[in-house]
Amino acid sequence: MSNGGSSNAPLHPEELDRLKKAAQEQLKSLGVDDQIKSLVAGKRLHPNPIKGKEPDFTPKRAMEQLKGQGVIAQVVKTINLSEIVENSSFSSRRQPLRSLPSLSKRYLHVKIKSGNGLALGSNATISSNDHLLVCGELFGQRFRSAPVPAISAPTFEASALVELPGHATADPSTLLTHRQPLHLVVLHAQHAPAVLTPHIASDTARISTSPSASATASICIAQRSHSWGQWGPSPPGAGSAPIGGHSSSSGSNAGTAASLAPNAAYFLTATSGQQSHQQGPIRPVTPVSTTDLLRMSNRADVVGTCDVDWRQALTNKGEVHCYHVQLISQAHAHSVGMISVDLEVSPALAEPVEPAALRAQTNAEARRDMEAMASFSGRVKEWWQDFSHDALSRRQEGGLRLTCMGEDGLLRPCCGFVKPLQLGRFLATPREAARFVSLLAPKESQETAANRLCSLHTLLESCQATQAEKALLLANLLLGYGLDAWVCFGADAVGQQTWVLTRPSKDAAVFWDPSSGMRHSPSSAGQPKGCPFRSIACVFNQRRLYGNLQAAEGLAAASYVLEDPGRWRELPVHVHDVPGATAMRFDLHMPPFDSAGHEVRLESELKKALSDHRAESLGHAPTTWDDNMAYVLMSSLAGHEQEALTGQLAANHKDFQQCIKRSIPPGCMFKGSSQHHRSLCSSSIMQGMLREPAIRDILATQVTDISFALRVKIFVYPEHVCSVWLMLALKYPTPRSARGIQDT
């Protein structure tokens, strides 16, 4: 896509067809179509017909009489030509960009067009509330499409501008060395609500819900990977607007909106509704916002992923080429459909790269990958002979793994999946990082831990991970904080397991459980509520792997001085041993989210469901809710999240007990039970509540003057991760005047 171009250039036939369709849709929406039909039916177009003879009624004559009666002129005044141009969608594909974020940079214009033959799961029941969306990442720049209905052949029509490395005047052949592919993830958000209440959903609160609101196209700003200190947006200067300035939905201002943040990634998404002029990144406007859709879904499963070699666009001279790429299932490594992607470099390359040069580069990369694994395999064979000889009679339980397969199908040393990560400002401490990792939903099948490890981008977009993937992410985050962190392969009481080890000193060790975020001392292994792990086979980080030579005496008796060759056998891993492209880092997203509004919504929906359950299933009298008692419960829920974060008893635990004692009248009984959830979907929360014996016991209580209380507290973490705590309680007078308090 070039940066210039004549406004009088002839339209492409495909563009002309889209323009006609957009005009027809607007005429129909304005009722003009029906008015013209009524004119024709009433023969009002023929004021002087020949008596006894039907007029020669042709489309041409009808148009002439429409013009003569001024109907066409009235239609032209009524319709909005700018909306027709925007809705035709060809402006984002063929029409030159009016301006780029920076004329000193090159950009890759990515257009996600459609999918074909997507396998959404034979066992899954697809409802009208299910949605699909595409998430993309390249050079640390991320973007998402607007949600579309979940069908096997969806149309996404989402576009993005991704900044390419180097200067716009640099030789395009220098870009061939940047091997990182464009990574795409197709998500299936299941059973999301179809409509969100505007005052609750922060993203939809900006939208005009008027029926006359028309579809527009807006340049949207996505978060960039680089830290603000090094790659922060340039200060406003001549010819640029302040960052976070106003955006216009008109086509003529699209380039202006794009110039707001020179160091951001931009994406152009078809949206509906009018956007209000508010500061901050402009988000795709849809009937269901992407943020709330992902937070409130029962699950956001990965349909498939694919890597697109964007360098193919370097061989095109001012043309848009469509690439049909296969989506690969993570669990089974087979095709689950196709997705169509348009790629174009802007500004257009004066001298494109020769296809032969690209083939030579990809062939050299393939040879490098083979040589890297061959060299590593040779050293592993020698290492294994020495290790197995020394540890033959004292091998630990749990498999010793030296290599793992990535999402792209490449076999890598385990150390190749470890890299210090600094993902922005939202996780300020190692314990916050551990809590965030623990809140990632577990995958239904843990088999992928032994088959393929998903990429960081896939993990963060789906917010699902196996135990092994959680351990790798946690170790990478702890390394980013500067801790001496290691990934452990070993076993627990059930079977093979993965966790993280940190060493405050060379002879001390702390275990981090990535599934709970809790820390354990190796000396507590085997004790009730102690360390759940039983044995350790090896540990590794980004530089080296150590195999455990110690006898199977348990974790408490083991030495964690990894540098002791009598207890641990070292296998160094070099950078050139790892095949594939070097992954780029990016900052975590923290989208705006109205947690208080969603707390009110959940409480309202759960109260109704619980009242119906007591009335219909248990045959009890109408349920009375006590808002004052519910307010007191809130401090307990805040303490639960603090305990999960720090691993220590909350400081306000005694305060809560005192609050309950003073708020419950003398001679009354109090019962309460709390529960934790990861989802904001009220139906799944209700199911979890009914599975809890303590909550069922509370609901089954039937005495005189009983009142219930429910409080929900949401703690928001980066991406679309939430920690949801709720507490259900009741109070009722006891037969005796003695006052009792029972807290379950």
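None of these values were measured; they are calculated from a predicted model. (Residues numbered from 1 in each chain as written. Predicted model: local features only at pLDDT ≥ 70, side-chain atom pairs only at ≥ 80, totals over all residues. Heavy atoms only, no water.)

### Quick word on the pairing of strand E11 (residues 335-346)
- E11 sits mainly inside the fold: 10 of its 12 residues count as buried.
- When strand E1 (residues 107-116) meets E11, the two strands line up antiparallel, connected through nine bridges. Each bridged residue has a counterpart across the sheet, and for Tyr 107 the counterpart in E11 is Ser 346. (Buried < 20%, exposed > 50% of the residue type's maximum accessible area, 1.4 Å probe, protein only. Helix = DSSP H or I, 4+ residues; strand = E, 2+ residues; numbered from the N terminus. Pairing = 2+ DSSP bridges.)

### Describing the packing of helix H15 (residues 627-646) against helix H16 (residues 653-663)
- The interhelical angle for the contact between H15 and H16, taken along N-to-C directions, is 165°, at an axis separation of 9 Å. When the axes of H15 and H16 are compared, the pair comes out roughly antiparallel. Judged by the sense of rotation from one axis to the other, the crossing of H15 with H16 is left-handed. Touching Val 632, Leu 633, Ser 635 and Ser 636 of H15 are Phe 656, Cys 659, Ile 660 and Ser 663, all from H16.
- Grouping the amino acids of the contact of H15 with H16 by side-chain chemistry returns five nonpolar, three polar and no charged. (Axes fitted to C-alpha atoms, helices over the stretch in contact; angles between N-to-C directions. Parallel < 35°, antiparallel > 145°, perpendicular 65-115°, else oblique. Left-handed = near helix turned anticlockwise from the far one by under 90°. Contact = heavy atoms within 4.5 Å. Nonpolar A, V, L, I, M, F, W, Y, C, P; charged D, E, K, R; others polar.)

### Regarding the nonpolar core
- With 68 residues, the main nonpolar core has Phe 436, Leu 440, Val 500, Phe 540, Leu 545 and Leu 633 as its most contacted residues.
- Among residues more than four places away in sequence, those in contact with Phe 436 are Leu 427, Leu 460, Tyr 717, Pro 718, Glu 719 and Val 721.
- Of all hydrophobic cores here, the second largest spans 38 residues; its members include Ala 160, Leu 164, Leu 175 and Val 303. (Core = buried A, V, L, I, M, F, W, Y, C linked by side-chain atoms within 4.5 Å.)

### Some points on the confidence of the model for the protein
- Across the protein, the average pLDDT comes to 77, with 69% of residues at or above 70.
- Counted against residues more than four places away or in other chains, residues 1-9, with its pLDDT under 50, gives 22 contacts.
- This stretch, residues 192-288, has a pLDDT under 50; its non-local contacts, to residues over four places away or in other chains, come to 205 contacts. (pLDDT = per-residue confidence, 0-100.)

### So, the sheet that holds strand E21 (residues 533-540)
- Strands sit in the order E20-E19-E18-E17-E21-E22-E23 across an open sheet of seven strands; the sheet is antiparallel. Two strands bound the open sheet, and with one partner strand each, they are strand E20 (519-520) and strand E23 (568-572).
- Relative to E23, strand E22 (residues 544-548) runs antiparallel, the two sharing five bridges. Opposite Asn 548, over in E23, you have Trp 568 as the bridge partner.
- Where helix H13 (residues 467-480) meets the sheet, it contacts strand E17 (485-492), strand E18 (496-502), strand E19 (510-512) and E21, and its direction lies at approximately 10° from that of E18.

### Topic: helix H17 (residues 682-690)
- The complete set of buried residues in H17 reads Ser 682, Ile 685, Met 686, Gly 688 and Met 689. Seen end-on, H17 carries its buried residues on one side only, within an arc spanning 160°.
- Among the structural elements, helix H14 (595-617), strand E24 (668-677), helix H18 (693-700) and strand E26 (722-733) are those in contact with the buried residues of H17. (Arc of directions from axis to C-beta.)

### A closer look at the sheet that holds strand E13 (residues 411-413)
- Reading across the sheet, the three strands line up as E13-E12-E15 and stay open at both edges, with mixed pairing between neighbours. Each edge of the sheet is formed by a strand with only one pairing partner; in this case those strands are E13 and strand E15 (452-453).
- Of the strand pairs in this sheet, strand E12 (residues 403-406) and E15 are connected by two bridges, and their pairing is parallel. The residue bridging Met 405 from the neighbouring strand is Arg 452, located in E15.

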